[in-house]
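# Secondary and tertiary structure notes
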Amino acid sequence: MSMEINPNMLVRGTAADGQVMFFSLDSTQLVEEARRKHNLSPLSTVVLGRLLTAAALAGQELKGDKDVLTMILKGSGPAGTVLVTANSKSQVKGYIDNTNLETKSREDGHFDVAWAVGPEEGTLTVIRDLGLREPYVGRVELISGEIAEDIAYYYAVSQQTPSVVSLGVLIDTDGSVKHAGGFMLQVLPNTPEETIAALEQLVGGFPPVTFLLEEGFSAAELMDLLLNRLGFEITTQTAAEYHCDCSKDRMERKLMTIGRADLQSIVDDDQEQVELVCNFCNTAYSFTKDEIREMIK
Ligand SMILES: [Zn+2]
């Protein structure tokens, strides 16, 4: 590999003579950032962290400056709604309704993400806003609730793209994020059966991402380990980060959407000011009654 490996880089490239596209990311820092901003419990961190990692990977298809990909996971479990967005600069943000999920483990010791999400009657909605008049909206039922399988299912059904998705978040004993990461492979149309079979075999025997990150592998080295037998090449690297672009202006526009009557009731209320908190980063913005009177005008 000619490119220098940066641990926070999202790497993308191709394998098997361009028939397979791959995206791989060590998302430890950005998931830890999400955990701190939202003060998440361990299981809440794992659920949101997996979806944030998936959005960063899937967001690699975005090209325009204003393109945004949104993933909304809505199951019947205690996690509630989990929403994440990614842009073409590999900036992600998100939130989970239940920031304080209790720890529940499966028999194998892993966090029980499917329990938290609740695949029964659940959906994964993916909105791709590419700056056109209408965004593309695709929705699938949840098939597992473990998130990676659900996202692969979305690509198979909604995009007709056979995909492999692997996601993992490992929590340290102090509750912080020890490792997080994931990869996504997409098989291009007209790929020969033998390539797909070889890929399935490689993926089938591949260890969990967090295990390999724990062993010291970088995102690029993960792909080397998985795909070197097929021949692979890294084409680009981008720094991925947790980034919220909220501002008082944006909050003001949001506040104005509630309508004149509701704004008036705020002014008539006893409180001296109202506070709006950003869903994505918990920054609080306060507005005085004078500012709200100005908005009503
Ligand atoms: Zn924010």
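The rules behind the values
- Residues numbered from 1 in each chain as written.
- Predicted model: local features only at pLDDT ≥ 70, side-chain atom pairs only at ≥ 80, totals over all residues.
- Heavy atoms only, no water.
- Pairing = 2+ DSSP bridges.
- Helix = DSSP H or I, 4+ residues; strand = E, 2+ residues; numbered from the N terminus.
- Contact = heavy atoms within 4.5 Å.
- Axes fitted to C-alpha atoms, helices over the stretch in contact; angles between N-to-C directions.
- Buried < 20%, exposed > 50% of the residue type's maximum accessible area, 1.4 Å probe, protein only.
- Patch = residues over 30% accessible without salt bridge, like charges linked within 9 Å, V, L, I, M, F, W, Y side chains within 5 Å.
- Areas by Shrake-Rupley, 256 points an atom, 1.4 Å probe, with all protein chains shown as cover.
- Salt bridge = Lys/Arg side-chain N within 4 Å of Asp/Glu carboxyl O.
- Donors = N, O, S within 2.8 Å, 3.2 Å for Na, K, Ca; no water.
- Tetrahedral: all angles 85-135°; square planar, octahedral: opposite > 155°, others 65-115°.
- Core = buried A, V, L, I, M, F, W, Y, C linked by side-chain atoms within 4.5 Å.
- Domains from an automatic or database assignment.
- Buried area = accessible area lost by both parts, 1.4 Å probe.
- Arc of directions from axis to C-beta.

## Let's talk about the sheet that holds strand E4 (residues 81-87)
- Taken together, 6 strands build an open sheet; the order of strands is E7-E6-E3-E4-E5-E11 and the sheet is mixed. Pairing within the sheet leaves two strands with one partner each, and these edge strands are strand E7 (136-141) and strand E11 (241-242).
- Alignment of E4 against strand E5 (residues 91-96), held across 5 bridges, turns out to be antiparallel. In the strand pairing of E5, Ala 86 is matched with Val 92.
- Lying over the sheet, helix H4 (residues 148-158) contacts strand E3 (68-74), strand E6 (123-129) and E7, oriented at roughly 120 degrees with respect to E7.

## Regarding the pairing of strand E1 (residues 9-15)
- Of all 7 residues in E1, 5 are buried, a share of seventy percent or more.
- Of the pairings in the sheet, the one linking E1 to strand E10 (residues 232-239) comprises 7 bridges and is antiparallel in character. Bridge pairing in E10 links Thr 14 to Glu 233.
- In the sheet, E1 pairs with strand E2 (residues 20-26) via 6 bridges, with the strands oriented antiparallel. Looking at the pairing, Thr 14 lines up with Met 21 of E2.
- If you look at the hairpin formed by E1 and E2, you'll find 4 residues sitting between the two strands, and Ala 16 has a positive phi there, around 50 degrees.

## Considerations on a nonpolar patch on the surface
- A cluster of nonpolar residues, Ile 143, Tyr 153 and Val 157, forms a patch on the protein surface that exposes about 250 Å² of accessible area.
- Tracing the backbone shows Ile 143 in the loop between E7 and H4.
- What makes Ile 143 partly exposed here is its relative accessible area of 48%.

## Concerning unusual backbone geometry
- Although it is not a glycine, Asn 39 adopts a positive phi angle of roughly 50 degrees.
- With respect to the helices and strands, Asn 39 occurs in the loop between helix H1 (28-38) and helix H2 (42-58).
- In this model, Ser 90 sits at a positive phi of 60 degrees, which is unusual for a non-glycine residue.
- With respect to the secondary-structure elements, Ser 90 resides in the loop between E4 and E5.

## A few points about the coordination of the zinc ion
- Distances from the zinc ion to its protein donors, namely Cys 244 (SG), Cys 246 (SG), Cys 278 (SG) and Cys 281 (SG), fall within the range 2.2 to 2.3 Å.
- Of note is the zinc ion, whose 4 donor atoms meet at the metal with angles of 102 to 115 degrees in an arrangement that counts as tetrahedral.
- Exposure remark for Cys 278: the relative accessible area of 4% places this residue in the buried category.

## Remarks on the nonpolar core
- Within the largest apolar cluster, 71 residues are counted, with the highest numbers of intra-cluster contacts made by Val 47, Met 71, Leu 124, Ile 147, Ile 151 and Ile 292.
- Top contributing element to this core by residue count: H2, with 11 residues.
- Mapping this core onto the domain boundaries places at least three of its residues in each of domain 1 (9-242) and domain 2 (248-296).
- Judged by nonpolar contacts, the second largest core, of 21 residues, contains Val 187, Leu 202, Leu 222 and Met 223.

## Here's the deal with the domain arrangement of the protein
- Looking at the assigned domains, one finds that the protein contains domain 1 (9-242) and domain 2 (248-296).
- A straight line from the C-alpha centre of domain 1 to that of domain 2 covers 35 Å.
- Counting residues at the interface gives 7 residues for domain 1 and 4 residues for domain 2.
- Summed over both partners, the interface of domain 1 with domain 2 comes to about 520 Å²; 60% of that surface belongs to carbon and sulfur atoms.

## A word on helix H7 (residues 219-227)
- Taken residue by residue, H7 has Ala 219, Ala 220, Leu 222, Met 223, Leu 226 and Leu 227 as its buried positions. Each buried residue of H7 lies within a common arc of 155 degrees when the element is viewed along its axis, so the set occupies one face.
- Contacts made by the buried residues of H7 are with E1, E2, strand E9 (177-187), helix H5 (193-204), helix H6 (209-214) and E10.

## Comments concerning the sheet that holds E2
- The strand order across the open sheet built from 5 strands is E8-E9-E2-E1-E10, with neighbouring strands paired in antiparallel fashion. The open sheet has two edge strands with one neighbour each: strand E8 (163-171) and E10. Strand-to-strand twist across the sheet, computed as the mean angle between neighbouring axes with direction ignored, equals 15 degrees.
- Where E8 and E9 come together, 9 bridges link them in antiparallel fashion. The residue bridging Val 164 from the neighbouring strand is Leu 185, located in E9.

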